[in-house]
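Geometric and topological summary
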Amino acid sequence: MVLTGTVLLNECQKRLIIMWSYRFNFMLETFMMGFLFVGISFFVSGGRPEPEQMAPALLGYLTWFFAAFAISDMSQGIREETQTGTLEQMYMSPLPSGLLLAGRSVASIFISSGMVILIGGILMLVLGIRIPLRPEGVPVFALTLVGLYGFAFFLGGATLVFKQVNALSNLLSNMLLFLNGSFLTVERMPGWLEAFARSLPSTQGIDVLRRVVLDDLSLASVWQDGSLVWLTVHTAVFLFAGWGVFLWGERVARRRGLLGQY
Amino acid sequence: MSRLELTVESGQVFGFLGSNGAGKTTTLKMACGLVMPTTGTVRLNGYDVGKQRGQAMRQIGAVLEGTRNVYWRMSAWQNLLYFGRIKGVSSTKMLKARAEQLLRELDLWERRKDPVGEFSRGMQQKVAIAAALIADPPIVLLDEPTLGLDVHASRTVQEWIIQLAEERGKTVVLTTHQLDMAESLCDRVAIMSHGRLLAHRPTGELLDLFRREFYQLRLRGMVEAEESGAFPGFTASRENGHTVLAGEVGGELSVFELVERARAAGMDLISVSPAEPNLEEIFVELIERAEETGGQDGGLELEAGGRPAGTEGRG
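This section reports on the structure supplied with the text. No experiment lies behind these values; they were computed from the predicted model shown. (Residues numbered from 1 in each chain as written. Chains lettered and ligands numbered in written order. Predicted model: local features only at pLDDT ≥ 70, side-chain atom pairs only at ≥ 80, totals over all residues. Heavy atoms only, no water.)

Here we look at the nonpolar core
The test is simple: In plain words, nonpolar cores are sets of buried Ala, Val, Leu, Ile, Met, Phe, Trp, Tyr and Cys residues tied together by side-chain atoms within 4.5 Å. Three exposure classes are used, based on accessible area relative to the maximum for each residue type with a 1.4 Å probe and protein chains only: buried under 20%, partly exposed in between, and exposed over 50%. Working definition: helices are DSSP H or I runs of at least four residues, strands are E runs of at least two. Numbering for both runs from the N terminus. Contact definition: two residues touch when any of their heavy atoms are within 4.5 Å.
Formed by 155 residues in total, the largest nonpolar core has its most connected members in Phe37 and Tyr91 of chain A together with Leu141, Leu174 and Ile191 of chain B. Looking at this core, the element that brings in the most residues is helix α3 (residues 51-84) of chain A, giving 17 residues. For Ile191 of chain B, the contacting residues outside a window of four places in its chain are Leu17, Arg196, Leu197, Leu198, Ala199, Leu206, Ile282, Phe283 and Leu286 of chain B.

Right under this line is the structure:
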C-alpha cells in the first residue's frame, strides 16, 4: 500500500513538474480546448446554442477530453520516452512494470481531471451551462474511465511494437469526438455507423452518464434497462483486451529489443 | 547473439569492445533485462534476470548510449529523487542524502535546481550516471559512457569509473569504441564481432599475448622493397632515417631466424624487440581473423571463471 502510494505520488509529481515546464503550451491548449467546444456547439446548433442543449454536449466533450488525454499519454508518451531512453530506465526498475504503469495512469487521470475542472468550470461560467453534481454519476464515470484507459493500454502496447501509431492515435482521438455522441446523436447515425460508434470506448459511458447526471435516473434504473450492464461489459472487455495487448507488446518489445529504439 | 558465455568478477571494470553491430549494446541490454535472450540465462549476482526480475534489477544501475536516460525538463535533483523511488529506495531521508552525496561528488550540487536540458553534454551524462547509482547498486552498466563528451568531461567520467571500482568495489561493465579508454580503464576486455565473443581475457594478458608474437627489427638506413621481401608478412615503416620492420614471429620463423635473414641480406641491424601492441591492433587483428574464418573462430579460446558476481550470459 505504501509502495503503491509512493509510486503514485512520484508519477504525479513528475507529471506536474513536466507540465509546469510547458505551462505556456498548457495554457494555450486549455484555451484551444474551450474554444473548440464553443465552435463545434455553435456549428452544430446552427448558430444558436442554448445552455440547456449544451449541457449534454459539454458532458460528452469533457469525457472525450479524458479519452484524448489517455490516448495521447499512452501512445505519444510512450513513443517519446522510447526515444529519450527514460522508458528503458522505467523497465529497469525492480518494481513491477504493471504497478508503474498503473501509477502513470492514475497520475494522468489526476492531471486530466484538473484540466477538465478548469475547462469545464470556465465554459459553464461563461456559457451559463449547468451540470449537476450527482454522486450516482461517480461509478458510471469511473467505469467509463477504466474502459478508456483499457483502450489507451491497447494503443500503448501497439506503440511499443510498431512505434509509428501516432497518426492512428490522432485519428482515433478525433473519431471519438465525433462518434461518441457528444455533439452528434448516435441514434441518428446510419445503422452501421451507430453500431461502430457504440463499440467505441466512451460512447456507452457518455450515454449512461447523461441519463444519470442530467436526466436524474437512478443507478438501479439504468441497470434494469441494461445500459449500465452493457457499459460494465464494455469496460471489462476494453480493460482486459487492452491490458492483454499491452503485455503482448511488452513481451515482443523485450524479445526484439524495441524498448529503446525508434 | 550466439553462444555467449562469460562471467564478470565483482569489483572489476569489464569492457566490451567491437565494431558497430558487434552485439555489445545488445549484451548490455540483456543484462538490464531490456532484451530477453531466446535461450539461456543472464544472472546478476546470482539472480536470474528472467525469473527473479525484481531482485536482479536491484543489482544494477545503467546508463545506455545515445539516449538521455533522464528527464530533461526536470532538474538534476528532481530526476534523482524520481529515479530513486522507481528503483525502490523507500526512505525519503536516505534518498535525499544519497542524491546530495552524488551531486556533490559530481560537482553538480550548485546547479541541482536547473533543468537538465540546460546542462552541457558532459553534465547531462553525469546526471545520468548519478541516476543510475542512486539506489547504490553493486553493478554499474555503461554503454559508451564517454561518447560525445569533450576531453575534460570524458576524463572526469573515466576517473569516476575507476573510483567506482577501486574505492567502492562496484563492478563496472562498459561498452566502448575508444580502445585507448578500454586499455586504461578495463581490468578485463571482451572483443565481439557479429554477435560472437572473439576474446575474453584480462587486458594485460591480451596485450602480453600479442606482445610475444610481434617483433620489430630496426635497421639502419632505407631498406628497399625487394630486400624487405625476405620477411613475408612484415610491414615496413620509416622512423628517424631508419627502417622499422614489424610482424608476427612464430611457427618456422623464430627470432633467431629473423636475425639470420637480416644478416644474410646484408642489412645493418640496430635492434630486435618485441612490438608493444595496443588494443587497437589486437582488435583489428581479431576482427580480421574472424572475418577470414567466417566468424566461426577468433583464434582465442573463451575463458569463463571467477565468482559468479557480475553478469553471466548465454544467449
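After that view of the structure, there is still more to cover.
Concerning the interface of chain B and chain A
Our working definition: When two parts are put together, the accessible area they lose, computed with a 1.4 Å probe and summed over both, is reported as buried area. Counted as salt bridges are all cases of a side-chain nitrogen of Lys or Arg within 4 Å of a carboxyl oxygen of Asp or Glu. A 3.5 Å cut-off defines polar contacts: any pair of N or O atoms within that distance qualifies, except that in protein one atom must be a possible hydrogen donor and the other a possible acceptor, and neighbouring residues in sequence count only when both atoms are side-chain atoms. Throughout, the ten residues Ala, Val, Leu, Ile, Met, Phe, Trp, Tyr, Cys and Pro are labelled nonpolar, Asp, Glu, Lys and Arg are labelled charged, and all others, Gly among them, are labelled polar.
At the junction of the two partners, chain B supplies 29 residues and chain A supplies 30 residues. Summed over both sides, the interface of chain B with chain A buries roughly 2,700 Å², with 59% coming from carbon and sulfur. For the pair chain B and chain A, the interface holds 1 salt bridge. As a salt-bridge pair, Lys29 of chain B and Glu88 of chain A come within 2.8 Å of each other at their nearest N and O atoms. Viewed at the interface, chain A and chain B are joined by 19 residue pairs in polar contact (both at pLDDT 80 or more). Only α2 (53-57), β5 (60-63) and α3 (76-86) of chain B provide two or more residues apiece to the side of chain B that touches chain A. In terms of residue count, α3 of chain B provides more of the side of chain B that touches chain A than any other element does, 6 residues in total. Class assignment for the residues of the side of chain B that touches chain A results in 16 nonpolar, 6 polar and 7 charged.

Considering α3 of chain A
Spacing of three or four residues puts side chains on the same side of an α-helix, whose turn is 3.6 residues. Residues and elements named next belong to chain A. As a reminder, the rule being used: A residue's bend is simply the angle between two axes: one fitted to the seven residues ending at it, one to the seven starting at it.
In α3, a bend of some 30° at Asp73 exceeds every other bend along the element. Burial of α3 is extensive: 26 of the 34 residues sit out of reach of the surface. Count one or two residues on from α3 and you reach Gly85, which has phi positive near 90°.

Some words on the sheet that holds β5 of chain B
All names here are of chain B. As a reminder of what qualifies: By the convention used here, strands pair only if DSSP detects at least 2 bridges between them. In this analysis an axis means a line fitted to C-alpha atoms, helices contributing only their contacting stretch, and an angle means the value between N-to-C directions, from 0 to 180 degrees.
Reading across the sheet, the 6 strands line up as β5-β6-β7-β2-β8-β9 and stay open at both edges, with mixed pairing between neighbours. Bordering the open sheet on either side are β5 and β9 (196-202), each of which pairs with just one other strand. Shown here is a sheet whose adjacent strand axes are inclined to one another by a mean of 15°, direction ignored. For strand β2 (residues 13-18) and strand β7 (residues 171-176), the ladder comprises 5 bridges, and the chain directions are parallel. Among the inter-strand pairings, Val13 is bridged to a residue of β7, identified as Val172. Each of β5 and β6 (139-143) is contacted by helix α5 (residues 121-133), which is oriented at about 165° to β5, the strand it contacts most. This element, helix α6 (residues 151-166), spans β2, β6 and β7 of the sheet and lies at about 150° to β7.

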